[in-house]
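Residues per chain, in single letters:
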Amino acid sequence: MNTSTSLLECSMNKQTVQCLVQAVQKLSLSRDIETVMFIVRTTARKISGADGATFVLRENDKCYYADEDAISPLWKGQRFSIHSCISGWAMLHKQSVVIKDVYNDSRIPINIYRRTFVKSLVMVPIRSIDDPIGAIGTYWAHEHVPTEDQVILLQSLADITAVTLENIKVYNELEERVKERTRELIDSLNREKEMSAMRRHFFSMASHEFKTPLTNILTSTALLESYNNEGKNADKRAKHINRIISSSQHLVDMVNDFLAAEKIEQGKTDIIFEWFNVKSFIKAIMDQTESCLKKGQNLVYAHHGDSHILQDKNILRIVLLNLLSNASKYSDENKTIEIHTEINAGKLTIKVKDAGIGIPKEDQPYIFNNFFRAKNTTGIQGTGLGLHIVKSYLELLNGSIQFKSRHKQGTTFTVTCACPKLKNIVNFSSSSLLT
């Protein structure tokens, strides 16, 4: 009888060890916690001969009963204070606990157990390098004291689980790094494709856009050679000089647009904040723009609020010159272009209103896209880069640009940008303080 009992126990121990080995093999291939919990809860129940098993995760000062395998429901999905449940006790004390009678142990919250089948239990902590990160519980519906070997095997399973969870964490971090690096490479490739497309578009457009002003310059220069400075010829000479100036300026503007777009794309734009008088600043830009206006066009300016602002003067100059150039370009002769500025509570608002051709409704969602030109701009010189550059520059200042437009009834662009907080300023110029 004793020999038979010994052989049976030996066979059972062998099966239990094999069960644990199989679990270790499966855990080594696991890549997510759901798989781990399934393997652990089923294995824990098998090697202990229990009526139920739970997988508990620590969430700061809570014990989360994440999964279970039992003859009837236990506490799956519930959370308890780490100081009021036996899984919390095992984690806090970093040791396994065996309870023969749950109704005779002060560490057990009896009310929580009354609605379950549980009479006896074993709880082992899932020990990590630092504090335990969870626990494995096994339960019996009758009074039961597991053997010392069973408790050791359960703790071994918990220790293997801890290593598995750490490996999954490392694996996921490495996988995320690979994904992030892949995203960076894809983004870099997409940027390169965009730059390549931009260059192709540039050369395609340049062959057309540069041809007209260059032809005008060459033709007018040739004609100038045949004119003297007297009588009718003086008027003709002045006309062709203006034509040369206009065509040359158009070429300069196009080159500047491409250089600005490339500079923004490469993140090489310096931001230099300085205090300046907005009214003086706007009037200086108006003087600069006057010579480029069409015949009879005039600029009207009004300002409200404070007079000084802390901003990047150069970027705002580029923004305003682009908006005024468009207002003039897309308006007829003898039209008025209105400029309104306001400084209120440290925020600068600039409005540029024209009475031009407007932007067709169907084109409005794309107006800030690279190289986009509305369908009603055919025959009007332009690169389609100006508004894209304006928006990109304003984003560097944490500013914004909106517009309202109706076809053939004009357009109003509104630019807003707040005075930056001093602690956020990287570059600062005091050369024009309160001038």
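Residues numbered from 1 in each chain as written. Predicted model: local features only at pLDDT ≥ 70, side-chain atom pairs only at ≥ 80, totals over all residues. Heavy atoms only, no water.

A.B. asks: Let's hear about helix 10 (residues 386-396): which residues, and what values?
C.D. replies: Taken together, the buried positions of helix 10 are occupied by Gly386, Leu387, Ile389, Val390, Ser392, Tyr393 and Leu394. Where helix 10 ends, the next residue or the one after it, Asn398, has phi of about 60 degrees, a positive value. (Buried < 20%, exposed > 50% of the residue type's maximum accessible area, 1.4 Å probe, protein only. Helix = DSSP H or I, 4+ residues; strand = E, 2+ residues; numbered from the N terminus.)

A.B. asks: If you had to explain the packing of aromatic side chains to someone new, which residues and values would you point to?
C.D. replies: Under the criterion given, the structure shown has eight aromatic pairs. Residues Tyr65 and Phe80 carry aromatic rings whose centres are separated by 5.5 Å and whose planes lie at 85 degrees to one another, so their mutual orientation is edge-to-face. Here Phe80 lies in strand 3 (residues 79-81) and Tyr65 lies in strand 2 (residues 62-70), a separation of 15 residues in the sequence. The residues Tyr65 and Phe80 share a single accessibility class, namely buried. Aromatic rings pair up to connect Tyr65, Trp75, Phe80, Tyr113 and Tyr139 into one cluster. A cation sits over an aromatic face here: Arg79 above Tyr64, 4.0 Å from the ring centre. Of note, Arg107 hangs over the ring of Trp89, and the distance from its end group to the ring centre comes to 4.7 Å. (Phe/Tyr/Trp six-rings, centres within 6.5 Å; stacked < 30°, edge-to-face > 60°. Lys NZ or Arg CZ within 6 Å of the ring centre and 35° of its normal.)

A.B. asks: I'd like a description of the side chain of Asp67, backed by residues and values.
C.D. replies: Position of Asp67 relative to the elements: it lies in strand 2. Among the polar contacts listed, one links the side chain of Asp67 to the side chain of Arg41, at a separation of 2.9 Å. Separated by 3.4 Å, the side chains of Asp67 and Lys76 make a polar contact. Those residues in contact with Asp67 that sit more than four places away from it in its chain are Met37, Phe38, Arg41, Ala53, Thr54, Phe55 and Lys76. (Polar contact = N/O pair within 3.5 Å; in protein donor to acceptor, adjacent residues only side chain to side chain. Contact = heavy atoms within 4.5 Å.)

A.B. asks: Before we move on, could you go through the sheet that holds strand 12 (residues 400-405) and cite the residues and values that matter?
C.D. replies: Strand order in the open sheet formed by five strands is 8-10-11-13-12, and the pairing between neighbours is mixed. Every interior strand has two partners, whereas the edge strands, strand 8 (298-305) and strand 12, have only one. The sheet shows a mean angle of 15 degrees between the axes of neighbouring strands, direction not considered. Across seven bridges, the pairing between strand 10 (residues 336-344) and strand 11 (residues 347-353) is antiparallel. Within strand 11, the position partnered with His340 by the bridge is Lys351. With respect to the sheet, helix 10 is in contact with strand 12 and strand 13 (411-418), its orientation differing from that of strand 12 by roughly 140 degrees. (Pairing = 2+ DSSP bridges. Axes fitted to C-alpha atoms, helices over the stretch in contact; angles between N-to-C directions.)

A.B. asks: Now, about the confidence of the model for the chain: what can you tell me, with residues and values included?
C.D. replies: Per-residue pLDDT for the chain averages 82, and the proportion of residues at 70 or more is 77%. For the chain, per-element mean pLDDT is lowest for strand 14 (residues 428-429), which scores 48, and highest for strand 11, which scores 96. Overall, residues 1-11 carries pLDDT values under 50, and its contacts beyond four positions in sequence, including any with other chains, amount to zero contacts. A low-confidence stretch, residues 428-435 stays under pLDDT 50, and its non-local contacts, those more than four residues away or across chains, total 17 contacts. (pLDDT = per-residue confidence, 0-100.)

A.B. asks: I'd like a rundown of the pairing of strand 2, residues and numbers included.
C.D. replies: Across eight bridges, the pairing between strand 1 (residues 52-59) and strand 2 is antiparallel. Its bridge partner being in strand 2, Ala53 is matched across the sheet by Asp69. When strand 2 meets strand 3, the two strands line up antiparallel, connected through three bridges. When the bridges of strand 3 are listed, Cys63 appears paired with Phe80.

A.B. asks: Before we move on, could you go through the pattern of salt bridges and cite the residues and values that matter?
C.D. replies: Side chains that carry opposite charge are capable of pairing whenever their charged atoms lie near each other. This structure, assessed with the given rule, holds 13 salt bridges. Here Asp159 makes a salt bridge to Arg127, at a shortest N to O gap of 3.1 Å. Taken together, the residues Asp159 in helix 5 (residues 148-209) and Arg127 in the loop between strand 5 (120-126) and strand 6 (134-140) connect sequence positions 32 residues apart. What makes Asp159 partly exposed here is its relative accessible area of 28%. (Salt bridge = Lys/Arg side-chain N within 4 Å of Asp/Glu carboxyl O.)

A.B. asks: Got a sec to walk through unusual backbone geometry? Specific residues and values, please.
C.D. replies: A positive phi angle, near 55 degrees, is found at Lys94, a position not held by glycine. Among the structural elements, Lys94 can be located in the loop between helix 3 (86-93) and strand 4 (97-99). Looking at Lys94, the relative accessible area reads 41%, which means it is partly exposed. The residue Asn398 is not glycine, and still its phi comes out positive at about 60 degrees. You can see Asn398 is positioned in the loop between helix 10 and strand 12. Since its relative accessible area comes to 73%, Asn398 is described here as exposed.

A.B. asks: So what's going on with the sheet that holds strand 2? Residues and values would help.
C.D. replies: The strand order across the open sheet formed by six strands is 3-2-1-6-5-4, and the pairing between neighbours is antiparallel. The open sheet has two edge strands with one neighbour each: strand 3 and strand 4. The average angle at which neighbouring strand axes cross in this sheet is 25 degrees, direction not considered. Bridge analysis of strand 1 against strand 6 gives six bridges, and the strand direction is antiparallel. Looking at strand 6, one finds that Val56 is bridged to Ala135. The strands touched by helix 2 (residues 33-48) within the sheet are strand 1, strand 2 and strand 6, with strand 2 carrying the most contacts at an inclination of about 60 degrees. Against the sheet, helix 3 contacts strand 1, strand 2, strand 4, strand 5 and strand 6, and its axis sits at roughly 40 degrees relative to strand 5.

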